[in-house]
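Coordinate analysis (summary)
This is what each chain is made of:
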Amino acid sequence: MFKYKNKIVVAFRGTEPFDVDAWQIDIDISWYEFPGVGKIHAGFMKALGLQKSTGWPKRISPGPTRKSFAYYTLREKLKTLIHENGDTKFILTGHSLGGALAILFAAVLAMHEEGMLLKRLEGVYTFGQPRVGNEQFGEYMKEKMKLYDVKYFRCVYSNDLVPRLPYDDTTFMYKHFGPCIYFNSCYKGQILEEEPNKNYFSMFHVVPKILNAIYELVRSFMMPWTKGKEYGEGLFMKVFRITALIIPGLTEHYPVDYVNLTRLGNLPSSVYPLESNENSKHD
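Quick summary incoming for the structure in this document. Counting from 1, residues in each chain are numbered in the order their sequence is written. In view of the model being predicted, local features appear only for residues whose pLDDT reaches at least 70, and side-chain atom pairs are presented and counted only at 80 or more, with totals across whole chains, interfaces and linings using the full set of residues. Calculation of side-chain values draws on the structure's entire complement of heavy atoms; hydrogens and water are dropped beforehand.

1. Considering the overall build of the chain
Strands here mean DSSP runs of E at least two residues long; helices mean DSSP runs of H or I at least four residues long; both are numbered from the N terminus. Helices and strands together make up the secondary structure of the chain, namely 10 helices and 9 strands. Exposure is judged per residue with a 1.4 Å probe applied to protein chains only, and the accessible area is read against the type maximum: over 50% gives exposed, under 20% gives buried, and values in between give partly exposed. The 283 residues of the chain split such that 49% are buried. Whether two residues are in contact is decided by their heavy atoms, any of which lying within 4.5 Å being enough. Pairs at least 24 residues apart make up 73% of the contacts formed inside the chain by residues separated by at least 6 positions. Summing over all exposed atoms, the chain offers an accessible surface of approximately 14900 Å²; the carbon and sulfur share of this is 61%. Computed by Shrake-Rupley with a 1.4 Å probe, the accessible areas treat only the displayed protein chains as cover when residues are assessed.

2. A closer look at the sheet that holds strand S7 (residues 151-157)
In this scheme, strands are said to pair when DSSP sees at least two bridges between them. On the basis of which strands lie adjacent, the open sheet formed by 7 strands has the order S1-S2-S5-S6-S7-S8-S9 and mixed pairing. On the outer flanks of this sheet lie strand S1 (2-4) and strand S9 (189-192), each paired with one strand and no other. When the angles between neighbouring strand axes are averaged without regard to direction, this sheet yields 20°. By the bridge criterion, 6 bridges tie strand S5 (residues 89-95) to strand S6 (residues 121-127) in an arrangement that is parallel. By the bridge assignment, Phe-90 is partnered in S6 with Leu-121. Fitting a line to C-alpha atoms yields each axis, with helices limited to the stretch in contact; the angle taken between N-to-C directions then spans 0 to 180 degrees.

3. Let's talk about the pairing of strand S4 (residues 38-41)
Here 4 bridges tie strand S3 (residues 31-34) to S4, and the two strands are oriented antiparallel to one another. Looking across to S4, one finds that Trp-31 is bridged to His-41. Counting the residues between successive antiparallel strands, the hairpin from S3 to S4 contains 3 residues, one of them, Gly-36, with a positive phi of roughly 80°.

4. Observations regarding the side chain of Ser-96
Take Ser-96: it is sitting in the loop between S5 and helix H4 (97-111). Sequence-distant contacts of Ser-96, that is, excluding residues within four places in its chain, are made with Gly-14, Phe-127, Gly-128, Gln-129, Pro-130, Val-162 and His-253.

5. Some thoughts on the packing of helix H7 (residues 206-226) against helix H8 (residues 235-243)
Orientation of H7 relative to H8, taken along the N-to-C sense of each, is 165°, at an axis distance of 9 Å. Comparing their axes, H8 and H7 come out roughly antiparallel. In this structure, the crossing between H7 and H8 has a hand that is left-handed. Between H7 and H8, the contacting residues are Glu-216, Leu-217, Arg-219, Ser-220 and Phe-221 on the first element and Lys-238, Arg-241 and Ile-242 on the second. Note that Gly is not counted as nonpolar here; it falls among the polar residues with everything else outside the nonpolar set of Ala, Val, Leu, Ile, Met, Phe, Trp, Tyr, Cys and Pro and the charged set of Asp, Glu, Lys and Arg. For the contact of H7 with H8, a count of residues per class yields 3 nonpolar, 1 polar and 4 charged. Roughly parallel means an angle under 35 degrees; roughly antiparallel means over 145; roughly perpendicular covers 65 to 115; every other angle is labelled oblique. Two helices cross in a left-handed way if the nearer one is turned anticlockwise from the farther one by less than a right angle. They cross in a right-handed way if the turn is clockwise.

6. Observations concerning the pairing of S7
For S7, the buried fraction is high: 7 of the 7 residues fall into the buried class. Side chains of S7 alternate between two faces, with Lys-151, Phe-153, Cys-155 and Tyr-157 and Tyr-152, Arg-154 and Val-156 buried alike. Bridging between S6 and S7 involves 5 bridges; their strand directions are parallel. Opposite Phe-127, over in S7, you have Cys-155 as the bridge partner. Here the term right-handed applies to a crossover when the path leading from its first strand over the helix to its second strand runs clockwise, the strands being oriented away from the viewer. Between the parallel elements S6 and S7, the chain passes through helix H6 (residues 135-147) in a crossover that is right-handed. Across 4 bridges, the pairing between S7 and strand S8 (residues 180-183) is parallel. Bridging from a neighbouring strand, Cys-155 pairs with Ile-181 of S8.

7. What to know about H8
When H8 is considered as a whole, its buried residues turn out to be Met-237, Lys-238 and Arg-241. Here the buried residues of H8 occupy an arc of 100° about the axis, which is enough to place them on one side. Exposed residues on H8 whose side chains face more than 90 degrees from its buried face are Leu-235 and Phe-236. Here the arc refers to the directions that run from the helix axis out to each C-beta atom.

8. A short note on the pattern of salt bridges
Just to be clear on terms, a salt bridge is a Lys or Arg side-chain nitrogen sitting within 4 Å of an Asp or Glu carboxyl oxygen. With the rule as written, the count across this model stands at 12 salt bridges. Between Lys-142 and Glu-139 there is a salt bridge, with its nearest N and O atoms 2.9 Å apart. In this pair, Lys-142 and Glu-139 both sit in helix H6, 3 residues apart, roughly one turn of the helix. Here Lys-142 falls in the partly exposed class, since its relative accessible area comes to 41%.

9. Structural notes on the packing of aromatic side chains
By convention, a stacked pair of Phe, Tyr or Trp rings (six-membered ring in the case of Trp) has centres within 6.5 Å and planes under 30 degrees apart, an edge-to-face pair has planes over 60 apart, and any other such pair is tilted. Inspection of the entire model under this criterion finds 18 aromatic pairs. Aromatic pair Trp-56 and Tyr-71: ring centres 5.4 Å apart, planes at 75°, arrangement edge-to-face. Here Trp-56 is found in the loop between helix H2 (42-48) and helix H3 (70-84), whereas its partner Tyr-71 is found in helix H3, with 15 residues between them in sequence. Exposure class is identical for Trp-56 and Tyr-71. Each is buried. Note on Phe-240 and Tyr-254: the rings are 5.7 Å apart at their centroids and 80° apart in plane angle, and the pair reads as edge-to-face. Here Phe-240 is found in helix H8, whereas its partner Tyr-254 is found in the loop between H8 and helix H9 (255-264), with 14 residues between them in sequence. For Phe-240, a relative accessible area of 22% translates into the label partly exposed.

Structural data, given as structure tokens:
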């Protein structure tokens, strides 16, 4: 969390490569059902602060271990900062697991009817975010985001595997909601309802994904010359891009391309009036 003037940014961290606990959270795709809200990814909810015996009480008492939980700690910190400065507003963001936690933090605020905080929440912007719930949960969130005038955009880069998981099918029943800002490997963006090839594993997309991986490998050598030295990639990243020739979609999830799309990406001009006029909060 960091603050600049009247704006607070709450950024949730994604999965670290060698963080076993985080990987356990990612692969726990069991459901946690909240009555009247829908079914939600249990692993993500536990990471945010779901209580083993009581679920999501509005308040918790400090236990003997004095363990802190992300949702409750951040919520109280935000309340304190807003009370200190009544003009303060905040946004939520995160990459990968962090993106899932960002939107679920907003969801639990809505479940707890934290109207004061939700009115101060300007937007939720996620990068490479996996699916977090079922269709009912998506409808619940769309209703709440509209009620409190909160913008929500999911940024997805190219063939990134993670936003296409867990599966959106009749077995797993996970579904995205809200607009997807999809960027191709040239960092050209468009607003879609769902990213192309939504479940990733499709025979029709194998060859295009490999060709795209070849292009990204070549681009990694060219960008310092075409865009500037600050866009150079180290040896590790270049080797990592070679693995994408075998398993496309892994390197596309790495933060480097998401950082690049925030610097080099562009969207159709028609998108900007929609964001600034129709979806902005009124002071």
